[in-house]
Amino acid sequence: MSKPARNYQFQTAGRIIAGPHSLQNLGDALSGAGQVSRVLIVASDTIRKHGITDEIAAQLAQRGIASEVIGGVMREPTEDHIEDLANQIGEEHFDVYIGIGGGSVLDATKLLSVLRTNRLRVREMIGTELIPSEGIPTVLIPTTSGTGSEVTPNAIVTLAKEELKIGIISRHLLPKLVVLDPVLTLGLPKHLTAATGMDAITHALESYISVKANPISDMMALESIRLISGSIVPSFHNGSSIEERSAMLLGSMFGGMALAGSGTAAVHAMAYPLGGRFNIPHGVANAMLLPHVMAFNMDRIWDKLEIVAGAMGIARESGSSVAAAELVISRIEEWTKELEIPQDLMAYGVQSTDIPSLSSAAFNVRRLMDNNPKPMSTEQIEAVYRELLPQRETAYNKDEVSL
Ligand SMILES: NC(=O)c1ccc[n+]([C@@H]2O[C@H](COP(=O)([O-])OP(=O)(O)OC[C@H]3O[C@@H](n4cnc5c(N)ncnc54)[C@H](O)[C@@H]3O)[C@@H](O)[C@H]2O)c1
Ligand SMILES: [Fe+2]
């Protein structure tokens, strides 16, 4: 366990209802919460088309709660998109905002809630604890097993002009209620199962090695690692298994709690410019970077990775502490292959000439870079990005030689 040199704190969602079909308890939970007569349901078009928002509206109507739906939340939302949604809601009053979807929808819902009660633009909220007042109470219902956003005080927005993603952190973003129903994740397509699952394990691993790790975040991180490492590959191959989906959803929630306690680090800092500039899905960017950043950190974290190997159930396969740590990194690489995530930035249009500006953008994500157990210079960040550009550059060079 980490022995923190500083004080630490932990805060999460107010109440969590979990288990298969727990969504059916939403109406009871809301009608038992007092003055709730009108709610806003926030979703993406995909979730709306699946009929889930209609199901929720019908369930609430039976308890005399009226609802409106606002769909069309974009993936990895931009500040302009969030403000457009806020303008659509206008001055209309709702007692509760219910966000149902992946991290993009949950983050959007959190921000819409505080935009309604604070006279601020999204841009003025960027940073830590810059939101003065509580928002409209929120209920968050994840449909991916990835971000853990349902239990974090964070919301991530894309700044289109700057080609960056950035964090807004405030205790006012925490929801009053979370519904953790694995049935909602049964239909998650394979590529999303892979990417979001790798995001979740990245949260757990980065929180565990973060310089801000503490006994509370460690406990959450190790349980997250245990659950996800047992289910990430099975849930990819057998998405209709409620057991595997349950483990992933719980694992991703614990990953969110871990990151809420101690923060992510260099993997996330380096993933943000890849998302902001090349639209690489958040989980895919993390999955590509994770083994390389862990290898870079190795001399500072091998003792922690030995414990991670224990949580993954692979420690006995190795002969020594360092070997156990190395096994963790090779296991992550095996997962990305099995989950069909390319270890190749060029597949997303990144060129060698883009690396210096990506590196300087990642270096400037100090909120996360400062959590990394081993400081990274821009040159070291560049070297890690370049490890993800290998084959085709080699092939290109060979062609040059043969000309
Ligand atoms: N707030 C936090 O603590 C936190 C942590 C990590 C990441 N994030 C952010 O969350 C966003 C990513 O969220 P995500 O990875 O969950 O993906 P996402 O929300 O962007 O969703 C990806 C796609 O999956 C679809 N989808 C979601 N659930 C589905 C289901 N059950 N069946 C079929 N399709 C479904 C969505 O409609 C969307 O098209 C990024 O912006 C990332 O930066 C936030
Ligand atoms: Fe993440």
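Everything discussed here concerns the structure shown above.
One structure accompanies this document, and this report is about it.

Reading the values: the criteria
- Starting afresh in each chain, residues are numbered from 1 along the sequence in its written order.
- To label them, take the chains in the order written and letter them from A, then take the ligands in the order written and number them from 1.
- Selection of residues for local features in this predicted model requires a pLDDT of at least 70, selection of side-chain atom pairs for listing and counting requires 80 or more, and totals for whole chains, interfaces and linings are taken over all residues.
- Hydrogens and water are ignored here; the side-chain numbers use all heavy atoms of the structure.
- Only the contacting stretch of a helix is used when fitting its axis, a line to C-alpha atoms as for every element, and angles between N-to-C directions run 0 to 180 degrees.
- In this text, helices come from DSSP runs of H or I with a minimum length of four residues, and strands from runs of E with a minimum of two, each type numbered from the N-terminal end.
- Working definition: roughly parallel below 35 degrees, roughly antiparallel above 145 degrees, roughly perpendicular at 65 to 115 degrees, and oblique for all remaining angles.
- Here is the rule for handedness: rotate from the far helix to the near one, and if that takes an anticlockwise turn smaller than a right angle the crossing is left-handed, while a clockwise turn gives right-handed.
- Residues are treated as being in contact if the distance between any of their heavy atoms lies within 4.5 Å.
- In this classification, the charged set is Asp, Glu, Lys and Arg, the nonpolar set is Ala, Val, Leu, Ile, Met, Phe, Trp, Tyr, Cys and Pro, and all remaining amino acids, among them Gly, are polar.
- Whether a residue is buried, partly exposed or exposed follows from its accessible area with a 1.4 Å probe, protein chains only, as a fraction of its type maximum: under 20%, in between, or over 50%, in that order.
- Any two strands are treated as partners once DSSP identifies two or more bridges connecting them.
- Each metal's donors comprise the N, O and S atoms found within 2.8 Å of it (within 3.2 Å for Na, K or Ca). Water is not part of the atom list, so some coordination spheres may appear incomplete.
- Angle rules define the geometry names used: all angles between 85 and 135 degrees makes four donors tetrahedral, while opposite donors over 155 degrees apart and all other angles between 65 and 115 make four donors square planar and six octahedral, leaving every other case irregular.

### So, the packing of helix H7 (residues 190–209) against helix H12 (residues 321–338)
Reasoning step 1: At a minimum axis separation of 12 Å, H7 and H12 run at an interaxial angle of 165°. One element, H7, and the other, H12, form an angle in the roughly antiparallel class. The two elements H7 and H12 cross, and the hand of that crossing is left-handed. Judged by residue contacts, Met-198, Ile-201 and Leu-205 of H7 engage Ile-332, Trp-335 and Thr-336 from H12.
Reasoning step 2: In terms of residue class, the contact of H7 with H12 is made up of 5 nonpolar, 1 polar and no charged.

### Focus: the side chain of Gln-59
Reasoning step 1: Note that Gln-59 resides in helix H3 (residues 52–62).
Reasoning step 2: For Gln-59, a relative accessible area of 12% puts it in the buried group.
Reasoning step 3: Not counting the four nearest positions on each side in its chain, Gln-59 is found in contact with Leu-23, Gln-24, Asn-25, Leu-26 and Gly-27.

### Quick word on the sheet that holds strand E7 (residues 154–159)
Reasoning step 1: Strand order in the open sheet formed by 3 strands is E5-E8-E7, with mixed pairing between adjacent strands. Two strands close off the open sheet at either side, each with one partner strand: strand E5 (127–128) and E7.
Reasoning step 2: Here helix H10 (residues 266–278) sits on the sheet and contacts E7 and strand E8 (164–169); the angle it forms with E8, its principal contact strand, is near 120°.

### Brief notes about the sheet that holds strand E2 (residues 38–42)
Reasoning step 1: Pairing in this open sheet of 6 strands is parallel, and the strands run E1-E9-E6-E4-E2-E3 from one edge to the other. In the strand order of this sheet, the two ends are held by strand E1 (15–18) and strand E3 (66–70), each with one partner. Neighbouring strand axes in the sheet, compared pairwise and without regard to direction, differ in orientation by 20° on average.
Reasoning step 2: Relative to E3, E2 is paired through 5 bridges, and the arrangement is parallel.

### Thoughts on unusual backbone geometry
Reasoning step 1: The phi angle at His-21 is positive, at roughly 65°, despite the residue not being glycine.
Reasoning step 2: Although it is not a glycine, Glu-76 adopts a positive phi angle of roughly 45°.
Reasoning step 3: Within the secondary structure, Glu-76 sits in the loop between E3 and helix H4 (79–89).

### Focus on the pairing of E8
Reasoning step 1: Of all 6 residues making up E8, 5 are buried, and the element is well covered by its neighbours.
Reasoning step 2: Taken together, the 2 bridges between E5 and E8 define a ladder with parallel strand orientation. Bridging across to E8, Gly-127 finds its partner in Ile-168.
Reasoning step 3: Where E7 and E8 come together, 6 bridges link them in antiparallel fashion. Paired with Ile-156 across the two strands is Gly-167, which belongs to E8.

### So, the coordination of the iron ion (ligand 2)
Reasoning step 1: In this structure, Asp-199 (OD), His-203 (NE2), His-268 (NE2) and His-282 (NE2) serve as the protein donors to the iron ion (ligand 2), at separations of 2.1 to 2.2 Å.
Reasoning step 2: Its 4 donor atoms give the iron ion (ligand 2) angles of 83 to 169° at the centre, a pattern that matches the irregular case.
Reasoning step 3: Read in sequence order, the donor residues coordinating the iron ion (ligand 2) give the pattern D-x3-H-x64-H-x13-H. A residue pair is termed a helical-turn pair when its members lie 3 or 4 positions apart in one helix, as Asp-199 and His-203 do in helix H7 at 4 residues. For the pair shown, Asp-199 and His-203 are each scored as buried.

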